[in-house]
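Per-entry structural report
Here are the chains, one letter per residue:
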Amino acid sequence: MIRISSTDRVFILTGAGISAESGVPTFRGAGGLWRNHRVEEVASPHAWQRDPRLVWEFYSMRRRVAAAAKPNSGHEALARLEQSLQDRLFLCTQNVDDLHERAGSVRVVHMHGELFKSRCDRCDRAPFDDSATYEPARSDGCTPRPVPRCRCGGQIRPHVCWFGEIPYDLDKIAAGLNDCTVFIAIGTSGLVEPAASFVARVRGRARTIYVGPDEPANTFAFTDCYWGKAGELLPNAFRFD
Ligand code: NAD
Ligand code: ZN
């Protein structure tokens, strides 16, 4: 039971694990592979330079999987928590899916971007809503849809943070971490930086809690761990004092 007082400020960091029960595979669960490519090799600026179509095919698969998924009781519990805490809750997700929003969460900080947005790889035009998908080239010689171009001539890329790129909203996140009295990480392996180090930044002045079925790499930094699935634990996890 996670007790929350009327003066607590709660920072929640979610990872791929919170969407696992919705049928969106985690990278580790999928063995870190897609069509025999390591995920790091298709979700990278290098892959984009070399083969933008292959990158779009990977994100097309992820768009299709996420669009078919539904929020689970873990996402719903966090949406209710926001209704209770309002701006005393800071919800930061490493996920690019939109399941937190579809469960009703309003203020979600997507530090690794959003699957259903795209942007130009050259100019600073704002990211825009996009759910287009691109199929692989077919053996019957049908020409696949080309990678779209921006008015400036640049190529349209997914609005996601690739391995080797800098996550979004780090200033806002730093302020949220500074402010919090309770830090809760849910379903994240503790391997992907900088998110993995958030807990170390608040440890000592905030309660630090982990929720998930497996030990994260940074277990030592948590004062309390609740072992189990997010969708089973979160609906009854919070008590307001
Ligand atoms: P990860 O794949 O490295 O680890 C997933 C974690 O989820 C593991 O620690 C596992 O124990 C835990 N988990 C599995 N089932 C769970 C459940 N039912 N409830 C709670 N936890 C559960 O994911 P990561 O640490 O988030 O880091 C990998 C990177 O890939 C991140 O950027 C991540 O967001 C991204 N990613 C995102 C999605 C998505 O948008 N849904 C999916 C896959 C990967
Ligand atoms: Zn452009």
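Higher on the page you've got the structure.
On a predicted model such as this, the values are computed, not experimentally measured, just so you know. (Residues numbered from 1 in each chain as written. Chains lettered and ligands numbered in written order. Predicted model: local features only at pLDDT ≥ 70, side-chain atom pairs only at ≥ 80, totals over all residues. Heavy atoms only, no water.)

1. Concerning the nonpolar core
Keep this limit in mind: As used here, the term nonpolar core means buried Ala, Val, Leu, Ile, Met, Phe, Trp, Tyr and Cys residues forming a set that is joined through side-chain atoms within 4.5 Å. Here the term buried applies to any residue with accessible area under 20% of the maximum for its type, exposed to any over 50%, and partly exposed to those in between, with areas from a 1.4 Å probe on protein chains only. Per the convention used, a helix needs a DSSP run of H or I reaching at least four residues, while a strand needs a run of E reaching at least two, with both numbered from the N terminus. Any two residues whose heavy atoms approach within 4.5 Å at even a single point are treated as in contact.
Trp48, Val55, Trp56, Phe58, Tyr59, Leu115 and Trp162 are the most contacted members of the largest nonpolar core, which totals 23 residues. Of all elements in the fold, only helix H2 (39–42), helix H3 (45–50), helix H4 (52–68), strand E7 (113–120) and strand E9 (156–160) reach the threshold of two or more residues within this core. Looking at this core, the element that brings in the most residues is H4, giving six residues. Setting aside residues no more than four positions away along its own chain, valine 55 makes contact with Val42, Ala47, Trp48 and Trp162. Counting residues in hydrophobic clusters, the runner-up holds 21 residues, among them Ile18, Leu85, Ile186 and Phe238.

2. Concerning the site of ligand 1
Selection rule: When at least one non-hydrogen atom of a residue lies within 4 Å of a molecule or strand, that residue is treated as near it. Side-chain atoms alone can form a polar contact between residues adjacent in sequence; in general such a contact is a pair of N or O atoms within 3.5 Å, and within protein one must be able to donate a hydrogen while the other accepts it. All accessible areas in this document rest on Shrake-Rupley with a 1.4 Å probe, and a residue is counted as covered only by the protein chains that are shown.
With respect to spatial proximity, 27 residues lie near ligand 1, and among them Gln94, Asp97, His112, Ser189 and Asp214 are the closest. Contact between ligand 1 and alanine 16: an oxygen atom at 2.8 Å from a main-chain N or O atom of the residue. In this structure, glycine 187 approaches ligand 1 through a main-chain N or O atom, which is 3.3 Å from an oxygen atom. Taking 840 Å² as the accessible area of ligand 1 by itself, protein coverage stands at 92%. Going through the elements one at a time, helix H1 (17–20) and strand E11 (207–212) are the ones with two or more residues in the shell around ligand 1. At three residues, H1 tops the list of elements feeding residues into the shell around ligand 1.

3. Focus on H4
Which entries qualify depends on this criterion: One less than the residue count of a helix, multiplied by 1.5 Å, gives the span that helix is expected to have.
Spanning 17 residues, H4 covers 24 Å between terminal C-alpha atoms, matching the ideal 24 Å at 1.5 Å per step. Residues of H4 that are buried: Pro52, Arg53, Leu54, Val55, Trp56, Glu57, Phe58, Tyr59, Ser60, Arg63 and Ala66.

4. Observations regarding the pairing of strand E10 (residues 182–186)
Put simply, the rule reads: Only when DSSP finds a minimum of two bridges between them are two strands counted as paired.
Counting buried positions along E10 yields five of five residues, so the element is predominantly enclosed. Residues Val182, Ile184 and Ile186 point to one face of E10 and Phe183 and Ala185 to the other, with burial holding for every one of them. In this structure, strand E2 (residues 10–14) lies alongside E10, joined through five bridges in parallel fashion. Residue valine 10 lies in a different strand from E10, and its bridge partner there is valine 182. The sheet contact formed by E10 and E11 spans five bridges and is parallel. Within E11, the residue paired with phenylalanine 183 across the bridge is threonine 208.

Interpretation in functional terms is not warranted from these geometric data alone.
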